[in-house]
Amino acid sequence: MKSAVETLNPTRVRLTVEVPFEELKDSLDAAYKKINQQVTVKGFRKGKIPARVIDQRFGRGAVLEEAVNDALPKFYTEAVNEAELSPLGQPEVDITELKDGETLNFTAEVDVRPAVEIPDYSGIEVEVDAVEVTDEDIEKSVEQLRERFASTSPVERPAEDGDVVTIDLEAKVDGEVLEDGIANGVSYTIGSGELLDGIDDAVKGKSAGEEATFTSELKGGSAAGKEAEVTVKVTQVAARELPELDDDFAQLASEFDTLEELKADSRKRLANMKQFDQATQAQERVLEKLLELVEVPVPEKLLEDEVNTRKHNLEHHQLGQMGLTLDKYLEIQGKTAEEFETETREAAVKGIKTQFVLDELVKKEQLNVNQEELTEHLMRRAASSGMSPDQFAQAVVEGGQVPLLVGEVARGKALAVVVEAATVKDTNGEVVDLDDEEEETEAAEASETEDTSEENAEG
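Residues numbered from 1 in each chain as written. Predicted model: local features only at pLDDT ≥ 70, side-chain atom pairs only at ≥ 80, totals over all residues. Heavy atoms only, no water.

Novice: Lay out helix H4 (residues 135-148) with the relevant residues and their values.
Specialist: Look at H4: 20 Å from first C-alpha to last across 14 residues, which is about the 20 Å you get at 1.5 Å a residue. Among all positions in H4, only Ile138, Ser141, Val142, Leu145 and Arg146 are buried. Seen end-on, H4 carries its buried residues on one side only, within an arc spanning 140°. Structural note: H4 exposes Glu136, Glu139 and Lys140 on the side pointing more than 90 degrees away from its buried face. Residues of H4 that are buried make contact with helix H6 (247-253) and helix H7 (259-293). (Helix = DSSP H or I, 4+ residues; strand = E, 2+ residues; numbered from the N terminus. Expected span 1.5 Å × (residues − 1). Buried < 20%, exposed > 50% of the residue type's maximum accessible area, 1.4 Å probe, protein only. Arc of directions from axis to C-beta. Contact = heavy atoms within 4.5 Å.)

Next comes the structure, spelled out in structure tokens:
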């Protein structure tokens, strides 16, 4: 077999392959054997029909077609390996010549990973938010904890903001009560925004036993997205009572004995959270700077597949679970279809470029993934998916997705290398030291969102 490669553009090549006919022997034998099992000829036992009889009865062309279909993937793979190509997606194959007993010639056009030159990235400089925990931050944190330990008690007065009301709901569309439009004994905190638009105004000022009717767009159920006439009846009004901020509260809400100890712990936790956010911000900004330094051509077919994958996942999974259509989502976001298309395409381009660049860095820096790193990554992914580690691991293995997870960890390590080489300063002008044991873990998490779907599109 002889093959040659023609570069059509930075992301697409054409392979020209010439196969001597004798190299088709195994595929021809397999073709005769397969046809033997499928046909019956009088005078011959099934599976024992001579090749010359098959040629006479069914035509040599049918045998050649079966043999070529069997052989093409093997010769294509050999040509790809010989040329050291990294194909993306399936090739477009065209048989240019097939002479019985002489030769098989074909071409195969396929998208390939572009050559990516990684420049010196040691000069990258980025600015991130400073880690500052204010007294106001502490007060807000403690107040949120206080809200969780609030109690309620029924009151004989009209409902006010912050009250917890017990209500019965009935929704009608076009004058008809919906089958799933009745709900009784619903507990709702006025002002929380957790139910229907307009419900706060409807129940405020109402006492137990009073009702009101208002119009609202349904967010879920059989008539999601439709305007409904909703009748709400208040059956109980309860005032929320917050515990006193003192040492007793600290002992009730935490493992600490005093309020000051609780506040000190809140300060420490908030500082850790802001440090994590700062590290994530550094990774994102370093990645952006790195991408600006590298010229990365993007295969058009891969890009179209990625755009379609992102739109499909949004429309049929994320929005579907919320009972929203794409049009309604765009209306809520205040975006036009054109703006959504542009943003999706830009995000897909960035994701694909990120994958190519970080994969090249993995090779350049000779980064490997050990079992411990893979296990830790699997545990995090399992937690975010809502599955147990064992369930997630089984799903990954059965789906043949282990290489995908290995790639995610390796890209995270590659990004960590660049972050470590960069100069990161906060808004106060202070150099930020991100060189800690958790950096690679955080980097892996930061890069997952950029590359997971691109892996799927590529595969």
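Novice: Quick one: what's the story with the UniProt feature "domain: PPIase FKBP-type" (unreviewed entry) in the protein, residue by residue and with numbers?
Specialist: Summarizing the sequence annotation, UniProt attributes the feature "domain: PPIase FKBP-type" (unreviewed entry) to residues 162-215 in the numbering used throughout. The annotated region residues 162-215 carries 9% helix and 54% strand content, and the separation between its end C-alpha atoms amounts to 22 Å. (UniProt positions renumbered as here; feature names shortened; annotations may be inferred.)

Novice: Give me the lowdown on the nonpolar core, citing residues and values where you can.
Specialist: Membership of the largest hydrophobic core comes to 36 residues, with the highest contact counts inside it found for Ile124, Leu290, Val357 and Leu361. With seven residues, the single largest contributor to this core is helix H10 (residues 337-364). Counting 30 residues, the second-largest nonpolar core is a separate cluster that includes Val19, Tyr32, Val63 and Val110. (Core = buried A, V, L, I, M, F, W, Y, C linked by side-chain atoms within 4.5 Å.)

Novice: Requested: an account of the sheet that holds strand S3 (residues 87-99), with residues and values cited.
Specialist: Hydrogen bonds along the backbone pair up the strands of a sheet, which may run parallel or antiparallel. Here four strands make up an open sheet; going across it, the order is S1-S2-S4-S3 and the pairing antiparallel. Taken across any chain shown, the strands that pair with only one partner, and hence form the sheet edges, are strand S1 (2-9) and S3. Adjacent strand axes in the sheet meet at a mean angle of 20°, parallel and antiparallel pairs treated alike. Relative to strand S2 (residues 12-20), S1 runs antiparallel, the two sharing seven bridges. Within S2, the position partnered with Thr7 by the bridge is Val13. (Pairing = 2+ DSSP bridges. Axes fitted to C-alpha atoms, helices over the stretch in contact; angles between N-to-C directions.)

Novice: How would you sum up unusual backbone geometry? Please name residues and give values.
Specialist: One non-glycine residue, Glu84, lies in the positive phi region at around 55°. Mapping Glu84 onto the fold places it in the loop between helix H3 (60-82) and S3. Note on Glu84: relative accessible area 71%, which makes it exposed.

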